[in-house]
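Below, each chain spelled out in residue letters.
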Amino acid sequence: MQQFIREKNVVQYEEVVTWNVQPTTSLEYELFYVEVTDVDRYVAAIERVDSTRWHRIAQIDDSSLYVFVCQETREEEVLLRRAFARLEVVVVPPIVYDQEAAMEMTLIGDAEDLSTLVDSLPGQIDVTIEKVGEYDRPNARATSALTDRQFEVLRTAIDIGYFAVPRKASLADLATELGCAESTVSVVLRKAEATIVTRVIERERNGP
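Residues numbered from 1 in each chain as written. Predicted model: local features only at pLDDT ≥ 70, side-chain atom pairs only at ≥ 80, totals over all residues. Heavy atoms only, no water.

### Focus on the overall build of the protein chain
Each helix and strand in the protein chain was counted, giving 7 helices and 6 strands. Moving toward the C terminus, one meets the helices and strands of the protein chain in the order α-β-β-α-β-β-α-β-β-α-α-α-α. For the protein chain, the C-alpha atoms occupy an extent of roughly 55 × 40 × 35 Å along the three principal directions. Burial statistics for the protein chain: of 208 residues in total, 35% are counted as buried. (Helix = DSSP H or I, 4+ residues; strand = E, 2+ residues; numbered from the N terminus. Buried < 20%, exposed > 50% of the residue type's maximum accessible area, 1.4 Å probe, protein only.)

Here is the structure:
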């Protein structure tokens, strides 16, 4: 799938929402959220992956879906997980894949353990550290009802002036900034706005 993501202009956004590893059976179960330009091509690509045992699709709309997958654990996953062994480190979901199929993840742990983890990764795994500091998901309380993707779209919309009065950026500008189809961004944005407005109204009705 990494090769498919890199070479085909189909996957616009993909994240691993959660996972369950079964080491005694060499199987793992993963839930993906994906935004694509062609659902059929994406599903066909999953079916061509040799390690996939089975998959189930829950389509949200024309361009986004959830994918529940059972797959055999591959050697590259084994190498990565060995580096985590005996370290007090946790991964904070989701794990996000960019358009080059590189993984972006947030890790929490003691500074020494995190340093040991980076040093113990196999040489074939390239690592770039984007940020180091205290863990504090921005506005977690205010946005706890949002998905990470919805929060990202809202944050980007604010940054480029989509909500400014007068408006400084269009929906097309927002889609370009996020590298997504305009229709996809529109759906995610509407759902995020509906979630926040509903939460505010319900709090007003029910009290703090």
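### Let's talk about a nonpolar patch on the surface
A cluster of nonpolar side chains, contributed by Val118, Val127, Ile129 and Val132, occupies part of the molecular surface with about 370 Å² of accessible area. Mapped onto the secondary structure, valine 132 falls in the loop between α4 (111-120) and α5 (148-160). For valine 132, a relative accessible area of 75% translates into the label exposed. (Patch = residues over 30% accessible without salt bridge, like charges linked within 9 Å, V, L, I, M, F, W, Y side chains within 5 Å. Areas by Shrake-Rupley, 256 points an atom, 1.4 Å probe, with all protein chains shown as cover. Salt bridge = Lys/Arg side-chain N within 4 Å of Asp/Glu carboxyl O.)

### Things to note about the nonpolar core
Judged by nonpolar contacts, the single largest core of 19 residues is most densely connected at Val11, Phe32, Val34, Val36, Tyr42, Leu65 and Val67. Contributing elements (two or more residues each) for this core: α1 (2-7), β1 (11-22), β2 (27-36), α2 (39-47), β4 (64-72) and β5 (89-97). Not counting residues up to four positions away in its chain, the partners in contact with valine 34 are Val11, Tyr13, Glu14, Tyr42, Ser63, Ser64, Leu65 and Val67. Tyr33, Leu154, Val188 and Leu189 belong to the second-largest nonpolar core, a separate cluster that totals 18 residues. (Core = buried A, V, L, I, M, F, W, Y, C linked by side-chain atoms within 4.5 Å. Contact = heavy atoms within 4.5 Å.)

### Notes on the side chain of serine 64
Its place among the elements puts serine 64 in strand β4. The buried category is assigned to serine 64, whose relative accessible area is 3%.

### What to know about the packing of α5 against helix α6 (residues 171-178)
Packing of α5 against α6 brings their axes to within 10 Å, and their N-to-C directions diverge by 120 degrees. By the angle between their directions, the pair α5 and α6 is classed as oblique. For the element pair α5 and α6, the recorded crossing hand is right-handed. Taken together, the residues of α6 that come into contact with α5 (itself represented by Arg149, Glu152, Val153, Thr156, Ala157 and Ile160) are Asp173, Leu174, Glu177 and Leu178. Looking at the contact of α5 with α6 residue by residue, the classes come out as 5 nonpolar, 1 polar and 4 charged. (Axes fitted to C-alpha atoms, helices over the stretch in contact; angles between N-to-C directions. Parallel < 35°, antiparallel > 145°, perpendicular 65-115°, else oblique. Left-handed = near helix turned anticlockwise from the far one by under 90°. Nonpolar A, V, L, I, M, F, W, Y, C, P; charged D, E, K, R; others polar.)

### Quick word on the sheet that holds strand β6 (residues 103-109)
With antiparallel pairing, 6 strands are arranged side by side in an open sheet as β3-β4-β2-β1-β5-β6. A single partner strand is all that each edge strand has here, and the edge strands are β3 (52-59) and β6. Recorded for the sheet is a direction-independent mean angle of 20 degrees between the axes of neighbouring strands. Contacts from α4 reach β5 and β6, with the element oriented near 145 degrees to β6. (Pairing = 2+ DSSP bridges.)

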